[in-house]
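Structural features, examined
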Amino acid sequence: MENKLALLKTTVPFSYLPEDVLANVADLLEEQRYSKEKEIYHQGATKMKGVDIIVEGSYESFFYDSNNHKRDVEELLPGSVFGGISVLLNRKKALKTVVAKKGTVVYILPRKHFRALCNAYEAFFQYFTDDFGKRMSNEDFAHFFKKPTLFEESYIASEQLYSRKIEEMGYQKLVSCPQNTPIYECATKMAQNKVSCLFITNAANDIIGYVTDLTLRDRVIAQRIDANGPVSTVMDTHTISISGSSYMYEAILLMFQTKSRYVLIENDGRYEGFLSRNRLLSEQAQSPLVFIQSVKSALSIKELRAKWNRVPNIVSQLLSRGVHAEIVNQVITTIADTISNKVIEEVIGEIGPAPAKFVFIVLGSEGRKEQTLKTDQDNAIIYEDKANEQRELVRAYFLEFATRVSDKLNEIGFEYCSGDFMAKNPKWTHSLSHWKRNYKEWIEEALPETASKFATFFDCRAIYGERSIMDELRDFVDEELNKPMEKFFVYMAKNALQYEPPLTFFKNIRTLKVQEREVFDIKRAMTPIVDLARVYALQNKIFQKENTGERLKALKEKGVFTESQFDELMQSYYYLMSLRLRRQAQQITDDRSEPSNYIELSSLTKIEQATLREIFKTIENFQDGIRMKFMNSF
């Protein structure tokens, strides 16, 4: 009895209980000894008798994955407690598999007595919820906690899209011919090999283009081109490629984004085959990416609006299946880009071709490919410089063009930007030289307001037009940032510190009142991670990585963040993103209300609140790092 009481006093969750209660608990403990190594609990299957307190020896706890490999392995030593989360949150069944080592002795507190203590003593209960919150920040733990016991039952085709790699598919072998081959011979070769795509090579045997059945129909037969001419005169030169180790969804998104119907498969610097978009889509008939194809086929603004209204249901289904928030962001962004491209092409059809080369860019969250369901328009136009006598004509066209595009997008459901960061605003539709002056002034002035503008326009991405114009602007910014920029980075750092995690002095979640509800703004809570990834990306000249996740990965590769820091930031950011998307989808589909970034604290479980507290502490620590690095102070 005395030994049991002494152990309880030094075991963390039980040490929160009054001493007279501990004496009663000690009487309830049942001793269990293990003379040899033995699996005593199997994840999701074994019902827990209660909560185990390890006295001697140790437990090894872990998850088995679908290949029977151990994941998230932990060693539990004397004084450790196992089973609290399982009893409270996993329907009394062991959450993890546990092997008791030889010579292990444990005390078991029966389930009903454990639950009674949780109901009676808040601090005791809070220990287990806080522990669960910390564990949910671990990607492996979160994955296996959410995964069904019989994983294979849920592993349907549409889910394989997000876990299946291209190399697991049988892709078509390359069929090619030299660029000077007569067109009719190419058609003959395609027929003989039963392929719909023939790749064209130069003298060095490098692939420089391709022709398809459609090429022969539209560019040869329809235009009555001499079939004896070289195939190079009709080939399409825009080829794209992807690594065989990439996922199916990445290939499909790439093809939609580049408007390509074929993608080359590359491994170790060599092309090994190709895949068609139809082949990839046919692999999974229920995929939301098939929906993107239907968006491309929409014939009116009304139909596009109806398509956009279906997106919340798609998001909800993806999240409920455990699809990662980063992938869900990409799906939303690709749908939004597809709609924007349809609108742009419709406007060009209405007012005629542009009088100059241009690029239509999106900014902010859309620019970072992190679009949510509460979205507005953030866009701009950059057009090539023209002679003086043409400038007014060119400018008038693009302002009319931008206004029509913006109005149609608003009608579809992409609301006007409240801050007026839209191409229809004359301030954000300009020539390339004017945009260069804008960026140069923002960098040189280095004021709080210009740092904010630079941050907005650094998160930009071309979705239509001449990408080379965007590339030239990025090269210009790169050159400007090679100059001494200490003051500029100080203001960018200050910009990254203007939003603090919503934590009180005592590390509880700080709320505000909105319509008599206690809420916090999850967008503002996420902003510090976006900002710190941006400021470090700027300092390290990472321009080609557009979203927060990509920037964090690039920064880890450069050694700016350790593996542990990278994991903390990635898991924190996408946990928040998943919570944000889930809430917005619920507001639209279940509540039939406008989506917002406010989350009511009472709508979250204690587990979710504990997880958020841990995430906000992590963000605070990284903000301290920015203060030290860029501002040399706390």
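Quantities reported herein were computed from a predicted structural model and do not represent experimental measurements.

1. Brief notes about the sheet that holds strand 13 (residues 262–267)
Taken in spatial order, the three strands line up as 12-13-14 in an open sheet, and their pairing is mixed. On the outer flanks of this sheet lie strand 12 (241–243) and strand 14 (270–276), each paired with one strand and no other. Taking each pair of neighbouring strands and ignoring which way they run, the sheet shows an average axis angle of 35 degrees. Note: strand 12 against strand 13, three bridges, orientation parallel. Looking at strand 13, one finds that Ile-242 is bridged to Ile-265.

2. With respect to the pattern of salt bridges
Using the criterion set out here, one finds 36 salt bridges in the structure. The partner of Lys-606 in a salt bridge is Glu-122, with the nearest N and O atoms 2.9 Å apart. Of this pair, Lys-606 sits in helix 27 (residues 606–631) while Glu-122 sits in helix 6 (residues 122–135), and the two are 484 residues apart along the sequence. For Lys-606, a relative accessible area of 36% translates into the label partly exposed. On the accessibility criterion, Glu-122 (45% relative accessible area) is partly exposed. Two residues, Glu-472 and Lys-436, come together in a salt bridge whose shortest N-O distance is 2.9 Å. Of this pair, Glu-472 sits in helix 22 (residues 467–480) while Lys-436 sits in helix 20 (residues 432–445), and the two are 36 residues apart along the sequence. The exposure class assigned to Glu-472 is partly exposed, which follows from its relative accessible area of 39%. Via salt bridges that share partners, Arg-368, Glu-370, Asp-459, Asp-531, Arg-534 and Arg-551 belong to a single interconnected network.

3. Some remarks on empty space enclosed by the protein
For the structure shown, the criterion picks out three cavities of 30 Å³ or more. Volume-wise, the largest cavity comes out at about 90 Å³. Lining of the largest cavity is provided by Tyr-439, Phe-457, Phe-458, Cys-460, Met-470, Leu-473, Arg-474, Val-477 and Phe-543. At the level of elements, helix 21 (448–458) and helix 22 are the ones that each hand at least two residues to the lining of the largest cavity. Per-element accounting of the lining of the largest cavity gives the leading share, four residues, to helix 22. The residue makeup of the lining of the largest cavity, split by class, is eight nonpolar, no polar and one charged. If you add up the space inside the second largest cavity, you get close to 70 Å³. Forming the boundary of the second largest cavity are Ser-340, Phe-360, Val-362, Glu-366, Gln-371, Asp-376, Gln-377, Asp-378, Asn-379, Leu-409 and Phe-414. Along the lines of polarity and charge, the residues of the lining of the second largest cavity split into four nonpolar, four polar and three charged.

4. Here's the deal with the side chain of Arg-534
Inspection of the secondary structure assignment puts Arg-534 in helix 24 (residues 522–539). Side chain to side chain, Arg-534 and Asp-459 meet in a polar contact 2.7 Å long. Those residues in contact with Arg-534 that lie beyond four places of it in its chain are Arg-368, Ala-455, Phe-458, Asp-459, Met-492, Asn-495 and Arg-551.

5. A closer look at the sheet that holds strand 11 (residues 207–212)
Pairing is mixed across the open sheet formed by three strands, whose spatial order is 9-10-11. The outermost strands of the open sheet, each flanked by one partner alone, are strand 9 (176–178) and strand 11. The sheet shows a mean angle of 35 degrees between the axes of neighbouring strands, taken without regard to direction. Two strands pair when backbone bridges link them, and strand 9 and strand 10 (residues 197–201) are joined in this way by three bridges, in the parallel orientation. Looking across to strand 10, one finds that Ser-176 is bridged to Phe-199. Each of strand 9, strand 10 and strand 11 touches helix 10 (residues 183–193); the most contacted strand, strand 10, lies at about 130 degrees to it.

6. Observations regarding the environment of Arg-461
Looking at the element boundaries, Arg-461 is found in strand 18 (residues 461–465). Given the relative accessible area of 6%, Arg-461 is considered buried. Distance in space between the C-alpha atoms of Arg-461 and Gly-367 is 4.9 Å, their sequence separation being 94 residues. Apart from residues lying up to four places away in sequence, Arg-461 is in contact with Thr-333, Asp-337, Phe-360, Ile-361, Val-362, Glu-366, Gly-367, Lys-369 and Glu-546. One polar contact links Arg-461 to Asp-337, side chain to side chain, over a distance of 2.7 Å.

7. Focus: the packing of aromatic side chains
Geometry of an aromatic ring pair is reported as the spacing of the ring centres plus the angle between the planes. A full pass over the atoms with the stated rule returns 42 aromatic pairs. Residues Phe-63 and Phe-141 carry aromatic rings whose centres are separated by 5.7 Å and whose planes lie at 65 degrees to one another, so their mutual orientation is edge-to-face. Of this pair, Phe-63 sits in strand 4 (residues 59–64) while Phe-141 sits in helix 7 (residues 139–146), and the two are 78 residues apart along the sequence. Here the aromatic rings of Trp-428 and Trp-442 are separated by 6.3 Å at their centres, their planes lie at 55 degrees, and the arrangement is tilted. On the criterion of sequence distance, the pair formed by Trp-428 in the loop between helix 19 (388–412) and strand 17 (429–431) and Trp-442 in helix 20 is long-range, its members being 14 residues apart. The residues Trp-428 and Trp-442 share a single accessibility class, namely buried. Here the aromatic cluster, defined as three or more aromatic residues joined through ring pairs, consists of Phe-421, Trp-428, Trp-435, Tyr-439, Trp-442, Phe-454, Phe-457, Phe-458, Phe-488, Phe-489 and Phe-543. Cation over ring: Lys-4 sits above Tyr-107, and NZ or CZ is 5.3 Å from the ring centre.

8. Quick look at the nonpolar core
Counting residues in each nonpolar core, the largest one holds 134 residues, and the members touching the most others are Ile-339, Phe-360, Phe-401, Phe-454, Phe-488 and Phe-616. The element that contributes the greatest number of residues to this core is helix 17 (residues 325–351), accounting for twelve residues. The residues touching Phe-454, leaving out its near neighbours within four places in the chain, are Tyr-439, Trp-442, Ile-443, Val-477, Phe-488, Met-492 and Leu-538.

9. A short note on the side chain of Asn-267
Residue position: Asn-267 is located in strand 13. We classify Asn-267 as buried; its relative accessible area is 15%. In terms of polar contacts, Asn-267 uses its side chain to reach the side chain of Glu-272, at 3.1 Å. Contact partners of Asn-267, with chain neighbours within four places excluded, come to Tyr-171, Ser-243, Gly-244, Ser-245 and Glu-272.

10. Overview of the confidence of the model for the chain
Here the chain shows a mean pLDDT of 87. Residues at 70 or above account for 94%. For the stretch residues 148–158, pLDDT sits under 50, and the model shows 14 contacts to residues farther than four places along the chain or on other chains.

Thresholds, definitions, all that
Counting of residues starts from 1 at the beginning of each chain's written sequence and follows it residue by residue. Only residues with pLDDT of at least 70 are given local features in this predicted model, and only at 80 or more are side-chain atom pairs given and counted; all residues enter the totals for whole chains, interfaces and linings. With hydrogens and water excluded, all non-hydrogen atoms of the structure serve as input to the side-chain values. Whether two strands pair depends on DSSP finding at least two bridges between them. The numbering of helices and of strands both runs from the N terminus, where a helix is a DSSP run of H or I of at least 4 residues and a strand a run of E of at least 2. Interaxial angle, 0 to 180 degrees, is taken between N-to-C directions of lines fitted to C-alpha atoms, where a helix line uses only the stretch in contact. Any carboxyl oxygen of Asp or Glu within 4 Å of a side-chain nitrogen of Lys or Arg constitutes a salt bridge here. Buried residues are those whose accessible area, probed at 1.4 Å on protein chains only, stays under 20% of the maximum for their type, while exposed residues exceed 50% and partly exposed ones sit between those limits. Points on a 1 Å grid over protein atoms alone make up a cavity when a 1.4 Å probe fits among them but cannot get out, and a pocket when they form an open set with protein on both sides within 12 Å along at least five of seven lines; lining residues each have an atom within 4 Å of a point. Grid points are joined across faces, edges and corners, and a volume is the space filled by probe spheres set on the points. Three classes are used, and their members are as follows: Ala, Val, Leu, Ile, Met, Phe, Trp, Tyr, Cys and Pro are nonpolar, Asp, Glu, Lys and Arg are charged, and the others, Gly among them, are polar. Under the rule applied, a polar contact is a pair of N or O atoms within 3.5 Å (in protein, one hydrogen donor and one hydrogen acceptor; residues adjacent in sequence only if both atoms are side-chain atoms). Working rule for contacts: check all heavy atoms of both residues, and any pair within 4.5 Å makes them a contact. Each Phe, Tyr or Trp ring (for Trp, its six-membered ring) is paired with any other whose centre lies within 6.5 Å, and the angle between the two planes then decides the class: stacked below 30 degrees, edge-to-face above 60, tilted in between. Whether a charge lies above a ring is judged from NZ of Lys or CZ of Arg, which has to be within 6 Å of the ring centre and within 35 degrees of the ring normal. As used here, the term nonpolar core means buried Ala, Val, Leu, Ile, Met, Phe, Trp, Tyr and Cys residues forming a set that is joined through side-chain atoms within 4.5 Å. The pLDDT value expresses, per residue, how confident the predictor is, ranging between 0 and 100.

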